[in-house]
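One letter stands for each residue in the lines below.
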Amino acid sequence: METGVQSNSFTYMGRSFSGLSIHDGSSSAFSDCNSDRSGEFPTASSQSRRLLIACASSENNNNSSSDELIRQLVSDLNSPSPEDQKQAALELRLLAKNKPENRIKIAEAGAIRPLIDIISSSTDSQLHEYGVTAILNLSLCDENKEVMAAAGAIKPLIRALKVGNPAAKENAACALLRLSQVDSNKAAIGRSGAIPPLVNLLENGNFRGKKDASTALYSLCSVKDNKVRAVQAGIMKPLVELMADFQSNMVDKSAFVLSLLVSVAEARAALVDEGGIPVLVEIVEVGTQRQKEIAVAILLQLCEDGLSYRTMVAREGAIPPLVALSQTGTSRAKQKAEMLIGLLRQPRSGNAAAAAAAATARASSDVSVA
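Residues numbered from 1 in each chain as written. Predicted model: local features only at pLDDT ≥ 70, side-chain atom pairs only at ≥ 80, totals over all residues. Heavy atoms only, no water.

Q: Mind showing me how you'd approach the overall build of the protein here?
A: If you tally the helices and strands in the protein, you get 22 helices and four strands. For the protein, the residues scored as buried account for 57% of the 370 residues in total. Taking as baseline every contact in the protein between residues at least 6 positions apart, the subset at least 24 positions apart corresponds to 71%. With an accessible surface of roughly 15,100 Å², the protein has 48% of that area assigned to carbon and sulfur atoms. (Helix = DSSP H or I, 4+ residues; strand = E, 2+ residues; numbered from the N terminus. Buried < 20%, exposed > 50% of the residue type's maximum accessible area, 1.4 Å probe, protein only. Contact = heavy atoms within 4.5 Å. Areas by Shrake-Rupley, 256 points an atom, 1.4 Å probe, with all protein chains shown as cover.)

Q: Got a minute to help me understand the environment of Gly287 in this structure?
A: Relative to the assigned elements, Gly287 resides in the loop between helix H17 (276-286) and helix H18 (289-304). For Gly287 and Val251, which are 36 residues apart along the polypeptide, the C-alpha to C-alpha distance reads 9.0 Å.

Q: I'm lost on the packing of aromatic side chains in this one. Help?
A: Ring pairs (aromatic) are described by centroid distance and by the angle formed between their planes. Applying the stated criterion to the full structure yields one aromatic pair. Here Tyr218 and Phe256 contribute two aromatic rings whose centre-to-centre distance is 6.3 Å and whose plane-to-plane angle is 80°, an arrangement assigned as edge-to-face. In this pair, Tyr218 is assigned in helix H12 (residues 207-220) and Phe256 in helix H15 (residues 251-261), connecting sequence segments 38 residues apart. Grouping residues by exposure puts Tyr218 and Phe256 together as buried. (Phe/Tyr/Trp six-rings, centres within 6.5 Å; stacked < 30°, edge-to-face > 60°.)

Q: Whenever I open this one, the packing of helix H8 (residues 154-163) against helix H9 (residues 166-180) confuses me. Can you help?
A: Helices that pack against each other are described as a pair by the angle of their axes relative to one another and the distance between those axes. Look at H8 against H9: their axes get within 8 Å of each other, and the N-to-C directions meet at 150°. Between H8 and H9 the crossing geometry is left-handed. In this structure, H8 uses Ile154, Leu157, Ile158, Ala160, Leu161 and Lys162 to contact H9, whose residues at the interface are Ala168, Lys169, Ala172, Ala173, Ala175, Leu176 and Leu179. Taken together, the residues of the contact of H8 with H9 sort by class into 11 nonpolar, no polar and two charged. (Axes fitted to C-alpha atoms, helices over the stretch in contact; angles between N-to-C directions. Left-handed = near helix turned anticlockwise from the far one by under 90°. Nonpolar A, V, L, I, M, F, W, Y, C, P; charged D, E, K, R; others polar.)

Q: Just checking my understanding: could you explain the nonpolar core for this structure?
A: For soluble globular proteins, nonpolar side chains are generally found buried alongside one another. One finds Leu157, Ile235, Met236, Leu258, Leu261, Leu271 and Leu322 to be the most contacted residues of the largest nonpolar core, which totals 103 residues. Top contributing element to this core by residue count: H18, with eight residues. Not counting the four nearest positions on each side in its chain, Leu271 is found in contact with Met236, Val240, Leu258, Val262, Gly276, Ile277, Leu280, Ile298 and Leu302. (Core = buried A, V, L, I, M, F, W, Y, C linked by side-chain atoms within 4.5 Å.)

Q: Just to check I follow, could you spell out H12 for this structure?
A: Residues spaced three or four apart along an α-helix point in a common direction, a consequence of the helix completing one turn every 3.6 residues. Taking 1.5 Å of rise per residue, the 14 residues of H12 would be expected to cover 20 Å, and the 20 Å separating its terminal C-alpha atoms lies within 8% of that figure. Among the 14 residues of H12, 13 are classified as buried, and the element is accordingly described as predominantly covered. (Expected span 1.5 Å × (residues − 1).)

Q: How do you make sense of unusual backbone geometry when you look at a structure like this?
A: Backbone phi values are negative for most residues with the exception of glycine, while trans is the configuration of most peptide bonds. Positive phi is not limited to glycine here, since Asn249 has a value of about 60°. Within the secondary structure layout, Asn249 lies in the loop between helix H14 (236-244) and H15.

Rendered as structure tokens:
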């Protein structure tokens, strides 16, 4: 990520520039899938990179010159020369990264289709990464999301999840997250096969990859069919492992994904099979306040499902930490802990009281991302 670039004056494509600079920041959310976070770009000249970053961020740059530059770069995407394509994709990704207005201009200039072609077929790892990242940066503009999906961006991005270098995989996950913010795209992304490679990235990626994958999966798994696909792809194993590792910095993120999944029976069964109950009970006992709240909500959803799950939770020693949470937790955690204690202390048979308690718990067991 560029942190600051300054230059005095230089000429590019017949135009003179001087006194240009940019300072780039970062954001922190569920995952910081907000922009291109890749490092330096060895194929670009230092002067060219400085220019594009500065040009992208300058409030006073000449609009006609900027438009001319974008048109030339889009034309270069169709060049028979991979090096020309690479330079054009690099510079377009920088322009789209640093100035929101450029995202619309680049799309209107026709960049989306050749960028999709690049990520569909390129065997050059760096060109492929630049193409994926340009698509990510363009997808930050709401107006471009439906255009990209209609142009066929979903399957090439899934290809990048499977065969790209680490940066391409991470940026492809972020781009799919952005496209999934259009509700109609969520089912299409799941049907197209995105869930298994996202689960693979969650399990085998570096820390950034795990964060990006969990964020994309959280968005996609608001759709029931995608929940089932995620379970079938083996998501429960990495989720439980990450929740069990308090040093992973992934406890909250994994638990939020799990909180969506446990609404389907397949996920509840997989959670138990992967040893998730003792992990959740441990979180209730020693996690942060936020982690405890998520964990107790998940256990509550699980125990609504039937006697066998309640028995398992009780046998793991859940009642003492739940009693403590009912006294010291957040208001929502206290409420959920009290409901869960009520379920666990009921006679080991179904009755009307149990059904009423479960109905009350269902109405109150929603989990939201802060």
